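Chains, contacts and geometry: an overview
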Amino acid sequence: MQLAYDIQYWLYMVLGLIALVIELWALADCVGRKADYFQAAFKKTKGFWVGVLVAATAVGALAALGAGGLGTWMIFQLAAVAAAGVYLADVKPALIEVKGGGSAYPW
């Protein structure tokens, strides 16, 4: 029985770390974009997205550290990785299109 709990623990830890990497990736990308692109793409402001992604990254970090137990942060961690996913799947492509093409990175 203990083996099942150990497997569950490590599975949650690995998934939490993967979610944290996704949240950090979205935050780093957002910080590197110009604020004018957000308005031109008719998305929320850069400040809004930076705030959302900072909060998502903070929740992901707390969950990855296991603060308060793994199950405590699970619903918040799902919401945090969903916010990062929305940025990466919806906002980032719109910003690339406004920028004018090819590169997925602003530098």
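Each remark here, short or long, concerns the structure printed above.
In this report, the structure presented in the accompanying data block is examined. Since this is a predicted model, take the numbers as computed values, not measurements. (Residues numbered from 1 in each chain as written. Predicted model: local features only at pLDDT ≥ 70, side-chain atom pairs only at ≥ 80, totals over all residues. Heavy atoms only, no water.)

**A short note on the packing of helix α1 (residues 2-32) against helix α3 (residues 46-65)**
It is at 9 Å that the axes of α1 and α3 come closest, and there the two elements cross at 160°. Taken together, the axes of α1 and α3 are roughly antiparallel relative to one another. Between α1 and α3 lies a crossing whose hand is left-handed. Together, Met13, Gly16, Leu17, Leu20, Glu23, Leu24, Ala26, Leu27, Cys30 and Val31 of α1 and Lys46, Trp49, Val50, Leu53, Val54, Ala56, Thr57, Gly60, Ala61 and Ala64 of α3 make up the contact between the two elements. Looking at the contact of α1 with α3 residue by residue, the classes come out as 15 nonpolar, three polar and two charged. (Axes fitted to C-alpha atoms, helices over the stretch in contact; angles between N-to-C directions. Helix = DSSP H or I, 4+ residues; strand = E, 2+ residues; numbered from the N terminus. Parallel < 35°, antiparallel > 145°, perpendicular 65-115°, else oblique. Left-handed = near helix turned anticlockwise from the far one by under 90°. Contact = heavy atoms within 4.5 Å. Nonpolar A, V, L, I, M, F, W, Y, C, P; charged D, E, K, R; others polar.)

**Considerations on the pattern of salt bridges**
Within the structure shown, the criterion is met by three salt bridges. Taking the shortest distance from any N to any O, the salt bridge between Asp90 and Lys43 comes out at 3.1 Å. Here Lys43 lies in the loop between α2 (35-40) and α3 and Asp90 lies in helix α4 (residues 74-99), a separation of 47 residues in the sequence. On the basis of relative accessible area, Asp90 is assigned to the partly exposed category, the value being 39%. Here the residues in one salt-bridge network are Asp29, Arg33 and Lys92, joined through shared partners. (Salt bridge = Lys/Arg side-chain N within 4 Å of Asp/Glu carboxyl O. Buried < 20%, exposed > 50% of the residue type's maximum accessible area, 1.4 Å probe, protein only.)

**A word on the packing of aromatic side chains**
Summed over the entire model, instances satisfying the criterion amount to three aromatic pairs. Where Tyr9 meets Trp10, the ring centres are 5.2 Å apart and the plane angle is 85°; that geometry is what we call edge-to-face. Their ring planes at 55° and their centres at 5.9 Å tell us that Trp49 and Tyr87 sit as a pair that is tilted. One end of the pair, Trp49, is in helix α3; the other, Tyr87, is in helix α4, with 38 residues separating them in the sequence. (Phe/Tyr/Trp six-rings, centres within 6.5 Å; stacked < 30°, edge-to-face > 60°.)

**As for the environment of Thr45**
Examined against the element boundaries, Thr45 turns out to sit in the loop between α2 and α3. With a relative accessible area of 46%, Thr45 lands in the partly exposed category. Distance in space between the C-alpha atoms of Thr45 and Ala35 is 7.0 Å, their sequence separation being 10 residues. Polar side-chain contacts of Thr45 include one of 3.2 Å to the backbone nitrogen of Phe48. (Polar contact = N/O pair within 3.5 Å; in protein donor to acceptor, adjacent residues only side chain to side chain.)

**Concerning a nonpolar patch on the surface**
A surface patch of nonpolar side chains, amounting to about 490 Å² of accessible area, comprises Tyr12, Met74, Ile75, Phe76 and Leu78. Per-element tally for the nonpolar patch: the top contributor is α4, with four residues. (Patch = residues over 30% accessible without salt bridge, like charges linked within 9 Å, V, L, I, M, F, W, Y side chains within 5 Å. Areas by Shrake-Rupley, 256 points an atom, 1.4 Å probe, with all protein chains shown as cover.)

**A closer look at the environment of Glu23**
One can find Glu23 in helix α1. It is 9.6 Å that separates the C-alpha atoms of Glu23 and Val59, two residues lying 36 residues apart in sequence. What Glu23 contacts, discounting residues up to four positions off in sequence, is Ala56, Thr57, Gly60, Gln77, Ala80, Val81 and Ala84.

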